[in-house]
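Structural overview for review
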Amino acid sequence: MPISAEHVGRVYPATKPYRVSRAKIAEFATALGDFNPAYFDDEFPIAPPTFAAVIAAQAWGAMFDDPELGLALRRTIHADQRFDIVRPLHEGDDVQATLTIEKVRSRGNVDMVTVGVGLSTVGGEELGAATSQLIHTREEAVE
């Protein structure tokens, strides 16, 4: 059974905690070419807002591993991304991500899937959310 509107609202278990480190923040900011001093602060570095994508993407694994959905990463395009940040991630945060399927539209053999990934500390502090639209092509049926 391929993914369908029936799957909207499905929530997957939270990911294992991801420890935000000074080194990971610096690597990410450097890869972006963004040398904002806040990302390299000696006392209290914060992560660029899009760093949340690193953690949110880990939550996608549970959805792609769900055999009921029939999704394959190799047939998926990441079409859109939005971040709603409550507070910046910073060194020492232990962050968990929880994925929810928010919307599914199907046209022919193409599924447009919107997923929301809530980010929070292991202590339950809400940090923000990453919302992504994925375009997935189903395999053609072999006759």
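What this report covers is the structure whose coordinates are included nearby.

Criteria and thresholds
- Residues numbered from 1 in each chain as written.
- Predicted model: local features only at pLDDT ≥ 70, side-chain atom pairs only at ≥ 80, totals over all residues.
- Heavy atoms only, no water.
- Phe/Tyr/Trp six-rings, centres within 6.5 Å; stacked < 30°, edge-to-face > 60°.
- Helix = DSSP H or I, 4+ residues; strand = E, 2+ residues; numbered from the N terminus.
- Buried < 20%, exposed > 50% of the residue type's maximum accessible area, 1.4 Å probe, protein only.
- Arc of directions from axis to C-beta.
- Contact = heavy atoms within 4.5 Å.
- Pairing = 2+ DSSP bridges.
- Salt bridge = Lys/Arg side-chain N within 4 Å of Asp/Glu carboxyl O.

1. A closer look at the packing of aromatic side chains
Inspection of every chain in the model, using the stated rule, returns 3 aromatic pairs. Where Tyr18 meets Phe51, the ring centres are 6.1 Å apart and the plane angle is 65 degrees; that geometry is what we call edge-to-face. Residue Tyr18 is found in strand 1 (residues 18-19), and its partner Phe51 is found in the loop between helix 1 (22-32) and helix 2 (52-64); the two are separated by 33 residues along the sequence. Phe51 shares its class with Tyr18; the two are buried. Note on Phe35 and Phe40: the rings are 6.0 Å apart at their centroids and 20 degrees apart in plane angle, and the pair reads as stacked. Judged by its relative accessible area of 55%, Phe35 falls in the exposed class. Overall, the relative accessible area of 32% leaves Phe40 in the partly exposed class.

2. Thoughts on helix 1
Those residues of helix 1 not exposed but buried are Ile25, Phe28 and Ala29. Angular distribution of buried residues about the axis of helix 1 spans 95 degrees; they occupy a single face of the element. If you follow the buried residues of helix 1, they end up packed against helix 2. Looking one or two residues beyond helix 1, the residue adopting positive phi is Gly33, at roughly 75 degrees.

3. Here's the deal with the sheet that holds strand 5 (residues 126-137)
With respect to topology, 5 strands assemble into an open sheet ordered 1-3-4-5-2, the strand pairing being antiparallel. At either end of the open sheet lies a strand with only one pairing partner, and these are strand 1 and strand 2 (76-85). Sheet topology places strand 1 next to strand 3 (residues 94-107); 2 bridges connect them, and they run antiparallel. Across the sheet, the residue bridging to Arg19 is Asp94, located in strand 3.

4. Quick look at the pattern of salt bridges
Throughout the structure, instances matching the rule amount to 11 salt bridges. In this structure, the salt-bridge partner of Arg22 is Glu91, at a minimum N-O distance of 2.8 Å. Remark: Glu91 occurs in the loop between strand 2 and strand 3 and Arg22 occurs in helix 1; sequence separation between them is 69 residues. Given a relative accessible area of 32%, Arg22 falls into the partly exposed group. Across the salt bridge formed by Asp93 and Arg87, the nearest N and O atoms sit 2.9 Å from each other. When salt bridges that share partners are traced, they join Arg10, Asp66 and Glu68 into one network.

Interpretation in functional terms is not warranted from these geometric data alone.
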